[in-house]
Amino acid sequence: KLKGALFDLDGVLVDTASYHYLAWKELANELNIPFTKVDNERLKGVSRMASLDILLSLDKENRLYTSEQKEAMATRKNDLYVQLIRHMDASEILPGVVSLLKMLREQGVKIALGSASKNAPKIMASTGLSAFFDAVIDGNVAANAKPDPEVFLKGAAAIGISPDECAVFEDAEAGLQAAKSAGCFAIGVGESVNLPSADVVYSDLTLFDLSVYF
Ligand code: BG6
Ligand code: MG
């Protein structure tokens, strides 16, 4: 039986993908780069600067930018994103999440966040999710983005459970690869076709049966 649960944030606990999309879309419009919701799928789970590089790779004119210009673009995107998430509350927690977190706590399972986002503390606080977590590992403390296993290795260490006794809940293939490299059991949330590295996939967390794993 597993003893620890490590959660991704965006797309697993809260549906922030649409806010990330709107912020990237606005930046893309300002730069005159075509950017669609399908393109946005490639940014899921990917760090802010790596996401920017993907967006700039869609530029028909192949313009090159200095690292200062790219920093300014990433800051612009984040300012737009922070505006969009500033009114987030518990109503934006995804279905099945709160009851799962409550049941895990009742069973004494330790819970940590493993997110690439530097905005994780804001979202955890405004939605009330912080209350369920024993540790938070996010983009402010991790140097290496998923598929590097760093956030999950640090998450397991922070809750004092060996990675092979932890489950990771992830909606992105890069995150599932990170989970497997960390030696965790990888639970995909979404569609199996998009999540080949998952050990098991649930279309949403209302369908998750805790007693099978914990
Ligand atoms: C991940 C999201 O959780 O965090 C990505 O899936 C996002 O879309 C990444 O780019 C970094 O987030 P932030 O908030 O630090 O820009
Ligand atoms: Mg995610």
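Up top you'll find the structure we're talking about.
Right, let's walk through the structure included here.

Rules used throughout
- Residues numbered from 1 in each chain as written.
- Chains lettered and ligands numbered in written order.
- Predicted model: local features only at pLDDT ≥ 70, side-chain atom pairs only at ≥ 80, totals over all residues.
- Heavy atoms only, no water.
- 1 Å grid on protein atoms, 1.4 Å probe; cavity = no way out; pocket = protein on both sides within 12 Å on 5 of 7 lines; lining within 4 Å.
- Points joined across faces, edges and corners; volume = space filled by probe spheres on them.
- Helix = DSSP H or I, 4+ residues; strand = E, 2+ residues; numbered from the N terminus.
- Nonpolar A, V, L, I, M, F, W, Y, C, P; charged D, E, K, R; others polar.
- Phe/Tyr/Trp six-rings, centres within 6.5 Å; stacked < 30°, edge-to-face > 60°.
- Buried < 20%, exposed > 50% of the residue type's maximum accessible area, 1.4 Å probe, protein only.
- Contact = heavy atoms within 4.5 Å.
- Donors = N, O, S within 2.8 Å, 3.2 Å for Na, K, Ca; no water.
- Near = heavy atom within 4 Å.
- Polar contact = N/O pair within 3.5 Å; in protein donor to acceptor, adjacent residues only side chain to side chain.
- Sits in = over half its atoms within 2 Å of the grid points.
- Pairing = 2+ DSSP bridges.
- Axes fitted to C-alpha atoms, helices over the stretch in contact; angles between N-to-C directions.

### Section: the layout of surface pockets
So, step 1. A volume near 650 Å³ is recorded for the largest pocket.
So, step 2. What lines the largest pocket is a set of 33 residues, among which Val46, Ser47, Arg48, Ala116 and Ser117 lie closest to the centre.
So, step 3. A per-element tally of the lining of the largest pocket places helix α4 (residues 67-85) first, with 5 residues.
So, step 4. A per-class count over the lining of the largest pocket returns 11 nonpolar, 13 polar and 9 charged.
So, step 5. Lining the second largest pocket we find 22 residues, and of these Gly11, Lys44, Asp171, Val189 and Gly190 sit closest to its centre.

### Some words on the packing of aromatic side chains
So, step 1. In total, this model carries 7 aromatic pairs according to the counting rule given.
So, step 2. Ring plane angle 75° and centroid distance 6.1 Å describe the contact between Phe7 and Phe133, whose orientation is recorded as edge-to-face. With Phe7 in strand β1 (residues 4-7) and Phe133 in the loop between α6 (120-127) and β3 (135-137), this residue pair connects regions lying 126 residues apart in the sequence. Of the two residues, Phe7 and Phe133, neither departs from the other in class, the shared state being buried.
So, step 3. Geometrically, the ring pair formed by Phe185 and Tyr213 is tilted, given 5.4 Å between the ring centres and 35° between the ring planes. You can see Phe185 sitting in strand β5 (residues 185-189) and its partner Tyr213 sitting in the segment after β6 (200-202), a full 28 residues away along the chain.

### Digging into the environment of Val97
So, step 1. By the element assignment, Val97 lies in helix α5 (residues 97-106).
So, step 2. On a C-alpha basis, the gap between Val97 and Phe208 in space is 9.8 Å, while along the polypeptide they are 111 residues apart.
So, step 3. If we ignore the near neighbours within four places in the chain, the residues touching Val97 are Val12, Leu13, Leu129 and Leu205.

### Remarks on the coordination of the magnesium ion (ligand 2)
For a metal with four tetrahedral donors the ideal donor-metal-donor angle is 109.5 degrees, while six octahedral donors give ideal angles of 90 or 180 degrees.
So, step 1. Around the magnesium ion (ligand 2), the protein contributes the donor atoms Asp8 (OD), Asp10 (O) and Asp171 (OD), which lie 2.0 to 2.1 Å from the metal centre.
So, step 2. Here the donor residues for the magnesium ion (ligand 2) map to a single chain with the spacing D-x1-D-x160-D. Taken as a pair, Asp8 in the loop between β1 and α1 (17-30) and Asp171 in the loop between β4 (166-170) and α8 (173-182) lie far apart in primary sequence, 163 residues in all.
So, step 3. For Asp8, a relative accessible area of 5% corresponds to the buried category.
So, step 4. Since its relative accessible area comes to 18%, Asp171 is described here as buried.

### Some words on the site of ligand 1
So, step 1. Looking at ligand 1, there are 13 residues lining it, with Asp10, Gly45, Ser117, Lys118 and Asn119 nearest.
So, step 2. Asp10 places a side-chain nitrogen or oxygen 2.6 Å from an oxygen atom of ligand 1.
So, step 3. Within the contact set of ligand 1, an oxygen atom lies 2.8 Å away from a backbone nitrogen or oxygen of Val46.
So, step 4. The site holding ligand 1 turns out to be the largest pocket.
So, step 5. Of the residues belonging to the shell around ligand 1, the class tally is 3 nonpolar, 6 polar and 4 charged.

### As for the sheet that holds strand β2 (residues 110-114)
So, step 1. Taken in spatial order, the 6 strands make up an open sheet running β3-β2-β1-β4-β5-β6, and their pairing is parallel. Looking at the sheet topology across the chains shown, the edges are occupied by β3 and β6. Strand-to-strand, the axes of this sheet are offset by a mean angle of 25°, without reference to chain direction.
So, step 2. Inspection of the sheet shows β4 paired to β5 by 4 bridges, in the parallel sense. Residue pairing across strands places Ala167 opposite Phe185, the latter belonging to β5.
So, step 3. Here α8 sits on the sheet and contacts β4 and β5; the angle it forms with β5, its principal contact strand, is near 165°.

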